[in-house]
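If you want the building blocks of each chain, they are given just below.
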Amino acid sequence: MKIATFNINGIKARISALSDWLDTAQPDVVLLQEIKSVDENFPREHFEDKGYIVETHGQKGFNGVAVLSKLPLEDVSHGLSGDESDEQARWIEATVMGDRAVRVCGLYLPNGNPAPGPKYDYKLAWMERLRTRAKEILTLEEPAILAGDYNVIPQDEDAATPESWRKDALALPESRAAFRRVLNLGYTEAFRARRLGPGHYSFWDYQAGAWNKNDGIRIDHMLLTPQAADLMQDCWIEAELRGREKPSDHVPVWIELDA
DNA sequence: ATGGCCGTGTTACACGGA
């Protein structure tokens, strides 16, 4: 089973590039972030015609997550528990029925800038809710993957120019600590279990020729329960997509599971 | 040397992103 997470930065603007990628890359499951669309306007038939089941959790203008799957889905749920008043669409869960059932959680973690401030407070509160949900999922003792745009640069080696991110919400010590608190529950960060060292990025800003200078950051992550980690065959970043026509500012991160 | 963008909603910019 091949699963990818991909922040597409707007479904309307990305429908062509996303379709071309799906046709050639052929993922079984895709977790999308920043669809920037309400559910009614998401072009679901377009992807159903390609053989995908489509589940969306959108809102007007911003945010929004979705799951595309060639395999049957069960127990789909929308939204992150822990704050009923939170109206931002940043979380979706489903169980993928492959050779093994795999619980997938697609997430779009708040950016949090400027920090300090209310947006940063929201980010940290959201991460605490994430930790609570991650803890619940571990108790199931089943293969599960928490994947998406975490908006966290875990370590300095995950940025080409770490000094320029020093005061940014993506790299502040509190953000990194909150990310580690989730990991330390007992999750495996899939990419780092396969590839070590600097120079691996999943986002390059549209500004200042960041892609041409390879001035990137690694902020799209996949966290695995022990049962999922045992099924991992490989994990990689498809950086090449950033150089294509009309790209998202993020690229897909992939995992292959023996499931 | 320095600054450089993009998408959405609404219709000339505001806002968010990272």
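Residues numbered from 1 in each chain as written. Chains lettered and ligands numbered in written order. Predicted model: local features only at pLDDT ≥ 70, side-chain atom pairs only at ≥ 80, totals over all residues. Heavy atoms only, no water.

- As recorded by an unreviewed UniProt entry, chain A carries the name Exodeoxyribonuclease-3 and is attributed to Tranquillimonas rosea.
- Turning to chain A, the UniProt annotation filed under Sequence similarities (unreviewed entry) states: "Belongs to the DNA repair enzymes AP/ExoA family." (UniProt positions renumbered as here; feature names shortened; annotations may be inferred.)

### Details of the packing of aromatic side chains
- Applying the stated criterion across every chain, the model contains 8 aromatic pairs.
- Geometrically, the ring pair formed by Y150 and F179 is edge-to-face, given 5.5 Å between the ring centres and 80° between the ring planes. With a gap of 29 residues between them, Y150 in the loop between β8 (144–149) and α4 (173–183) and F179 in helix α4 connect regions that are remote in the sequence. For the residue pair Y150 and F179, the accessibility class agrees, reading buried in each case.
- Taking 5.6 Å as the distance between ring centres and 5° as the angle between the ring planes, the aromatic pair formed by W236 and W254 counts as stacked. With W236 in strand β11 (residues 232–237) and W254 in strand β12 (residues 253–257), this pair connects stretches of sequence that are 18 residues apart.
- The exposure class of W254 is buried, given its relative accessible area of 3%.
- In this structure an aromatic cluster arises from ring pairing among F6, W21, W236 and W254. (Phe/Tyr/Trp six-rings, centres within 6.5 Å; stacked < 30°, edge-to-face > 60°. Helix = DSSP H or I, 4+ residues; strand = E, 2+ residues; numbered from the N terminus. Buried < 20%, exposed > 50% of the residue type's maximum accessible area, 1.4 Å probe, protein only.)

### Thoughts on helix α1 (residues 11–25)
- Compared with the 21 Å implied by 1.5 Å per residue over 15 residues, the 18 Å span of α1 between its first and last C-alpha is markedly short.
- A maximum bend of about 35° is found in α1 at A17.
- Taken residue by residue, α1 has I11, R14, L18, S19, W21, L22 and A25 as its buried positions.
- Contacts made by the buried residues of α1 are with β1 (2–7), β2 (29–33), α2 (44–48), β4 (65–69) and β12.
- Within two residues after α1, Q26 carries a phi angle of roughly 55°, on the positive side. (Expected span 1.5 Å × (residues − 1). Bend = angle between axes of the 7 residues up to and from the residue. Contact = heavy atoms within 4.5 Å.)

### As for α4
- Residues of α4 that are buried include every one of S175, R176, A178, F179, V182 and L183, and no others. On an axial view of α4, the arc spanned by its buried residues comes to 160°, and they lie on one face.
- The inward-facing, buried residues of α4 abut α3 (118–139), β9 (188–189) and β10 (220–224). (Arc of directions from axis to C-beta.)

### Observations regarding the protein's contact with DNA strand B
- The local shell around DNA strand B holds 29 residues, among which E34, Y108, N111, K213 and I217 are the closest.
- Near the protein, within 4 Å, the atoms of DNA strand B are sugar or phosphate in 71% of cases.
- In this structure, Y108 approaches DNA strand B through a side-chain N or O atom, which is 2.9 Å from a phosphate oxygen.
- The side chain of N111 places a nitrogen or oxygen atom 3.1 Å from a base nitrogen of DNA strand B.
- Per-element tally for the surface near DNA strand B: the top contributor is α1, with 4 residues. (Near = heavy atom within 4 Å. Polar contact = N/O pair within 3.5 Å; in protein donor to acceptor, adjacent residues only side chain to side chain.)

### Here's the deal with the side chain of R14
- With respect to the helices and strands, the residue R14 is situated in helix α1.
- Nearest to the buried, unbridged R14 among oppositely charged side chains is D249, at 6.1 Å.
- A polar contact is formed between the side chain of R14 and the backbone oxygen of I8, at a distance of 2.7 Å.
- Every residue in contact with R14, bar those within four places of it in the chain, is listed here: I8, N9, Y206, K246, P247 and S248. (Lys, Arg positive; Asp, Glu negative; His and termini not counted. Salt bridge = Lys/Arg side-chain N within 4 Å of Asp/Glu carboxyl O.)

### Quick notes on the UniProt feature "binding site: Mg(2+)" (unreviewed entry) in chain A
- Per the UniProt entry, the sites bearing "binding site: Mg(2+)" (unreviewed entry) are N7, E34, D149, N151, D249 and H250 in this numbering. The greatest C-alpha distance among the residues just named is 12.9 Å, despite their covering 244 residues of sequence, which places them together in space.
- Along the chain, N7 turns up in strand β1.
- Of the residues examined, N7 reaches a relative accessible area of 0% and is grouped as buried.
- Separated by 3.0 Å, the side chain of N7 and the backbone nitrogen of N9 make a polar contact.
- Among the secondary structure elements, D249 is positioned in the loop between β11 and β12.

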